[in-house]
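Chain by chain, the residues run as shown.
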Amino acid sequence: MALRGPAVFGPGSRGSLDEAGAEGREAAALEAAGVALEDDDEEDGRRGLLRWDGFSAWLHCVCVVGFDLELGQAVEVIYPQHSKLTDKEKTNICYLSFPDSNSGCLGDTQFCFRFRQSSGRRVSLHCLLDQFDKDLPVYLKKDPAYFYGYVYFRQVRDKTLKRGYFQKSLVLISKLPYIHFFHTVLKQIAPEYFEKNEPYLEAACNDVDRWPAPVPGKTLHLPIMGVLMKVRIPTCHDKPGTTQMVQLTQQADTHTSIILPTVHEVDLFRCFCPVFLHSQMLWELVLLGEPLVVMAPSPSESSETVLALVNCISPLKYFSDFRPYFTIHDSEFKEYTTRTQAPPSVILGVTNPFFAKTLQHWPHIIRIGDLKPAGEIPKQVKVKKLKNLKTLDSKPGVYTSYKPYLNRDEEIIKQLQKGVQQKRPSEAQSVILRRYFLELTQSFIIPLERYVASLMPLQKSISPWKSPPQLRQFLPEEFMKTLEKTGPQLTSGIKGDWIGLYRHFLKSPNFDGWFKTRRKEMTQKLEALHLEALCEEDLLLWIQKHTEVETVDLVLKLKNKLLQADRENLPVKPDTVAKLRTHIDAIILALPEDLQGILLKTGMT
């Protein structure tokens, strides 16, 4: 599909719907649902599958945002043209795709933002993505309510333009939180796009369209404009803290290859470098879901630092909202800056000096200077009282009155300082810091995991003829008593008020999100065990002792169980499902013919 030139789409406009694309989606949906296509239709359907489903598995759309003298920032191109964005979403993209004027970003700048999907719009659930989502680690699962924007912004002097500057952003909009991956893609295509314009962008999008689906755990070969990228998306089965490296193939590649060691991680040490003396305190603040603002000189620094903070409690997921780059034009600006209620549980990355005044009432503010290149170490910032954050030119520092629950681990500080003195590469420092955060998070979460596992009913209490038993209730005081013998002291040498930290955590959104996820997993496990118990029963013997009505009721219940197993992706062994289908067929054949006909047509067999 041609781009039809750089016509300006203002906040109120929308790209035209491409009918062929819509038909392709429909054909793909039919194929995914198992509906056979005629030969001609199959060819069209496959073209449709390539045309849109390949692209939409990775990206929602690509936007080009420019500066118009009359309109200000405006979306000039949306590709593919059938992509749906509401006016509110377009406005957010417009303002978030450009650095604040005070940032003074000359040349090329890359950063990332995150914005809320408009309420009221239909959530499009891509069947392939949802299928793969279940195999991802919890912190990489899509959030249906949010989009990510990955930006490559260029600002250069141009005397031929009225403003004297060329200003434009190429923006990838996606549901996937693969920060490092999409920044690498932009590095490959954006510089040439600014030289060659729309035909080049169309060719790049056609390349994305031919990519395989983002399957976790597989080595994916992704060609983009003459370069072959090799990546591996992590799975929930990977051991936390390990990186499964993409293996080099023996045969010589015809393309230039880029092998990405990670799809989502940022340079942790570079981001924590100005504040690594306080990294443990910041870990506590993120773990507890405390309101946190990062004030930085540019969107690149603000977005990297916010993402590093969210990443520091991995493999725990940060369940509150976070905005790597937030502006005064954001649709949630009033909601997040109001003084009529306590600041929400959110991490904001900002660059506009106006926020120093607007967010003065927030309890924790990190003010950072320019992030230094790898190998250089900035002066370590101090913890300062919030009342000192009065002026726009306040010095870098962590402004908070928070008293950490845990004593500072001096060992990690010495290790990182030694690395700086020995000019250890930033990547190696990041590995040390990431391992430290991982061990700290695991020491904290293992006692909770152990206690929650004890809430699971015993397998012998599962009866095939009764509903699956319920999980026992989570009792905070009962959990606290377990810490004396099986607390974090078993795996961590860090001293301090662990009990106080747990009490605070149990009231946080991160605990709420973590426990809901664990409870859902355990409930599904109980349902799966219940199905297995049913399979072990002699159901033909059972129907001999029961009435026809009870037998029909059993068949309908068993069919519902199979539907539930499929719909909820229950952790059921494949042979269990096959066995149950055989049982259902055998029971139906034992019934009178008139009932057989009805039951065979009902639901799935």
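In this report, we go over the structure that sits alongside the text. Numbers given to residues run from 1 along each chain, matching the order in which its sequence is written. Given that the model is predicted, a residue must reach a pLDDT of at least 70 before its local features are reported, and side-chain atom pairs must reach 80 or more before they are shown or counted; all residues, however, enter totals for whole chains, interfaces and linings. The side-chain values count all of the structure's non-hydrogen atoms but skip hydrogen atoms and water molecules.

Focus: the packing of aromatic side chains
At step 1: Any two of the Phe, Tyr and Trp rings considered here, Trp counted by its six-membered ring, make a pair once their centres fall within 6.5 Å; the pair's planes then place it as stacked at under 30 degrees, edge-to-face at over 60, or tilted in between. Taken as a whole and judged by the stated rule, the model has 35 aromatic pairs.
At step 2: By way of ring pairs, the aromatic residues Trp283, Phe444, Tyr451, Phe474, Phe479, Tyr502, Phe505, Phe511, Trp514 and Phe515 are connected into one cluster.
At step 3: Consider the ring centre and the ring normal. A charge sits over the ring if Lys NZ or Arg CZ is within 6 Å of that centre and within 35 degrees of that normal. The ring of Phe322 carries Arg114 above its face, with NZ or CZ at 4.1 Å from the centroid.
At step 4: In this structure, Lys175 is placed above the aromatic ring of Phe147, and the distance from its NZ or CZ to the ring centre is 4.3 Å.

Digging into the pattern of salt bridges
At step 1: Salt bridges are identified by distance alone: a Lys or Arg side-chain nitrogen within 4 Å of an Asp or Glu carboxyl oxygen. Evaluation of the coordinates by the stated rule reveals 25 salt bridges.
At step 2: Salt-bridge contacts for Glu76 lead to Lys168; the nearest nitrogen and oxygen are separated by 3.0 Å. Placement of the pair is Glu76 in strand E2 (residues 72-79) and Lys168 in strand E5 (residues 165-174), with a sequence separation of 92 residues.
At step 3: A residue is classified by how much of its surface remains accessible, and Lys168, at 16% relative accessible area, is buried.
At step 4: Between Glu335 and Arg116 there is a salt bridge whose closest N-O contact spans 3.4 Å. With a gap of 219 residues between them, Glu335 in helix H10 (residues 333-337) and Arg116 in strand E3 (residues 107-116) connect regions that are remote in the sequence.
At step 5: Each residue is placed in one exposure class: buried if its accessible area under a 1.4 Å probe, protein chains only, is under 20% of its type's maximum, exposed if it is over 50%, and partly exposed if it falls in between. For Glu335, a relative accessible area of 39% translates into the label partly exposed.
At step 6: Exposure remark for Arg116: the relative accessible area of 26% places this residue in the partly exposed category.
At step 7: Salt bridges here are not isolated pairs; linked through shared partners, they connect Arg114, Arg116, Asp143, Asp321, Arg323, Asp330, Glu332 and Glu335. Strands are runs of DSSP state E lasting at least two residues, helices are runs of H or I lasting at least four, and both sets are numbered from the N terminus onward.

What to know about the side chain of Gln73
At step 1: Structurally, Gln73 can be placed in strand E2.
At step 2: Among the polar contacts listed, one links the side chain of Gln73 to the backbone oxygen of Cys94, at a separation of 2.9 Å.
At step 3: Here, two residues are considered to be in contact whenever any of their heavy atoms come within 4.5 Å of each other. Setting aside residues no more than four positions away along its own chain, Gln73 makes contact with Val65, Gly66, Phe67, Cys94, Tyr95 and Phe98. We define a polar contact as two N or O atoms separated by no more than 3.5 Å, with the added condition that, inside protein, one atom must be a possible hydrogen donor and the other a possible acceptor, whereas residues neighbouring each other in sequence contribute only through side-chain atom pairs.

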